[in-house]
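Architecture and fold: a report
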Amino acid sequence: MSLIIDCHGHYTTAPRQLEVWRNRQIAGIADPSASPKPSELTISDDDIRETIVANQLRLMQERGNDLTLFSPRASFMAHHIGDFEVSSTWAAICNELCFRVSQLFPENFVPVAMLPQSPGVDPATCIPELVRCVEEYGCVGINLNPDPSGGHWKSPPLTDRAWYPIYEKMIEYDIPAMIHVSTSCNPAFHTTGAHYLNADTTAFMQCVQGDLFKDFPQLRFLIPHGGGAVPYHWGRFRGLAQEIKKPLLDTHVMNNIFFDTCVYHQPGIDLLNTVIPVKNVLFASEMIGAVRGIDPTTGNYYDDTKKYIDASTILSADDKHQIFEANTRRVFPRLDALLKQQGR
């Protein structure tokens, strides 16, 4: 039987104290005298247990999910707010909280780090936090925001050499990056309904246009939310790659790019697994995330994505094992090592 590993979870239910502290930090941008110290944020282990047991852990147990790769709430990263110092302090606090969750529930949660990105700031400034999270917290991956400006897309594409210091560190630690934007501050783009999916599609096309994986053949990107528009428009991307004289997608990008299953209806999951090779698909739900309601046509939660994989008539039993467990262990080698250490 497969271990059911959800590769895309966020601490969306963090104790209220975190948001209160963040609001004070934001207020302190205009009035530094009002800015709180990190030591002024008090969250007990019991506070963490209460939020996890009643929420993520409860749903995991109800749905049959064993383990979640857990990172700070994506919409709360808000890299467009403040400067690098603000982002650095905020990232450190959020990453520590996810680490504490993993310490309190080591069988159920493994930490993934957010980076202290800031618009117009050299991505290399994120490296100290990346190193700390891997070496001290045991993070098995990172979330990388291709648009720290929050919907205005002022950063160079992911293929630009400005990002290379982060990629070099990823190779050194053998960790992947989930390409995940944060809140949109551009009113033209709804955060979860447009900006997230735009970013997934944009990141993929940036990789198609460039030759990043020639420089970093071991680099691994996880594009969430089922890859945005990518599987649905697979012929378009194949044709565009051909027009710009790039190799076929299976050799150009598909040894390095993976997609998760945060697609919230059966036809969408079936499309994903018809178009994208099984080896490139990782199970995920992003539960208690962007889509929390119940589908009136099925009576099930939209984000109970395990049901869609279980119900698939396209996937063999071995395919489902690859998606639920084996692919994630392969893409996240540090997770695989941790699980083997735990005897799993």
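Here the structure is a predicted model, which is why all the values come from computation and not from measurement.

What follows is about helix H1 (residues 16-30). The set of residues buried in H1 consists of Leu18, Trp21, Arg22, Gln25 and Gly28. Summarising the axial view, the buried residues of H1 lie within an arc of 115°, below the 170-degree limit, and thus occupy one face. Among the exposed residues of H1, those pointing more than 90 degrees away from its buried face are Arg16 and Ala30. Elements in contact with the buried residues of H1: helix H4 (74-77) and helix H5 (84-104).

Further remarks concern empty space enclosed by the protein. Here the structure, examined in full by the defined rule, presents 2 cavities of 30 Å³ or more. What lines the largest cavity is Cys7, His8, Gly9, Leu69, Phe70, Ser71, Val112, Ile142, Asn143, Pro176, Met178 and Phe332. Where the lining of the largest cavity is concerned, the elements lending two or more residues are strand E1 (5-11), strand E2 (67-72) and strand E5 (142-144). Its boundaries defined by the atoms lining it, the second largest cavity holds a volume of some 30 Å³. Lining the second largest cavity are Asp6, His8, Gly9, His10, Gln56, Met60, Thr68, Phe70, Phe109 and Met287. When residues of the lining of the second largest cavity are traced back to their parent elements, those giving at least two are E1, helix H3 (56-63) and E2.

With that settled, the discussion passes to the sheet that holds strand E8 (residues 257-260). With parallel pairing, 6 strands are arranged side by side in an open sheet as E4-E5-E6-E7-E8-E9. Two strands bound the open sheet, and with one partner strand each, they are strand E4 (113-114) and strand E9 (281-282). Relative to strand E6 (residues 177-179), E5 is paired through 3 bridges, and the arrangement is parallel. When the sheet's bridge partners are listed, Asn143 is paired in E6 with Met178.

Take the side chain of Lys169 next. Within the element layout of this structure, Lys169 appears in helix H7 (residues 164-173). Given a relative accessible area of 19%, Lys169 falls into the buried group. When residues no more than four places from it in sequence are discounted, the contact partners of Lys169 are Ile127, Leu130 and Val131.

Let's shift gears to the pattern of salt bridges. Where charged atoms from two side chains of opposite charge come close, those side chains can pair. With the rule as written, the count across this model stands at 16 salt bridges. Here Glu40 makes a salt bridge to Arg24, at a shortest N to O gap of 2.8 Å. Note that Glu40 is positioned in the loop between H1 and helix H2 (45-53) and Arg24 in helix H1, a separation of 16 residues in sequence. Taken together, the shared-partner salt bridges connect Glu325, Arg329, Asp336 and Lys340 into one network.

This brings us to the sheet that holds E2. In space, the 3 strands of this open sheet follow the order E1-E2-E3, with parallel pairing throughout. Both outer strands of the open sheet, E1 and strand E3 (109-111), are each paired with one neighbouring strand and no more. Pairs of neighbouring strands in the sheet enclose a mean axial angle of 35°, with direction left out of account. Pairing geometry for E2 and E3, over 3 bridges, is parallel. The residue of E3 that forms the bridge with Thr68 is Phe109. Each of E1 and E2 is contacted by helix H14 (residues 317-331), which is oriented at about 75° to E1, the strand it contacts most.

So, about the packing of aromatic side chains. One pass over the full model with this rule turns up 15 aromatic pairs. For the pair Tyr167 and Phe216, a centre-to-centre distance of 5.7 Å together with 75° between the ring planes defines the contact as edge-to-face. Here Tyr167, found in helix H7, pairs with Phe216, found in the loop between helix H9 (212-215) and strand E7 (221-223); they are 49 residues apart in sequence, far enough to count as distant. This pair shows no difference in class: Tyr167 is buried, exactly as Phe216 is.

The rules behind the values
- Residues numbered from 1 in each chain as written.
- Predicted model: local features only at pLDDT ≥ 70, side-chain atom pairs only at ≥ 80, totals over all residues.
- Heavy atoms only, no water.
- Buried < 20%, exposed > 50% of the residue type's maximum accessible area, 1.4 Å probe, protein only.
- Helix = DSSP H or I, 4+ residues; strand = E, 2+ residues; numbered from the N terminus.
- Arc of directions from axis to C-beta.
- Contact = heavy atoms within 4.5 Å.
- 1 Å grid on protein atoms, 1.4 Å probe; cavity = no way out; pocket = protein on both sides within 12 Å on 5 of 7 lines; lining within 4 Å.
- Points joined across faces, edges and corners; volume = space filled by probe spheres on them.
- Pairing = 2+ DSSP bridges.
- Salt bridge = Lys/Arg side-chain N within 4 Å of Asp/Glu carboxyl O.
- Axes fitted to C-alpha atoms, helices over the stretch in contact; angles between N-to-C directions.
- Phe/Tyr/Trp six-rings, centres within 6.5 Å; stacked < 30°, edge-to-face > 60°.

Purely spatial values, then, with no claim about function.
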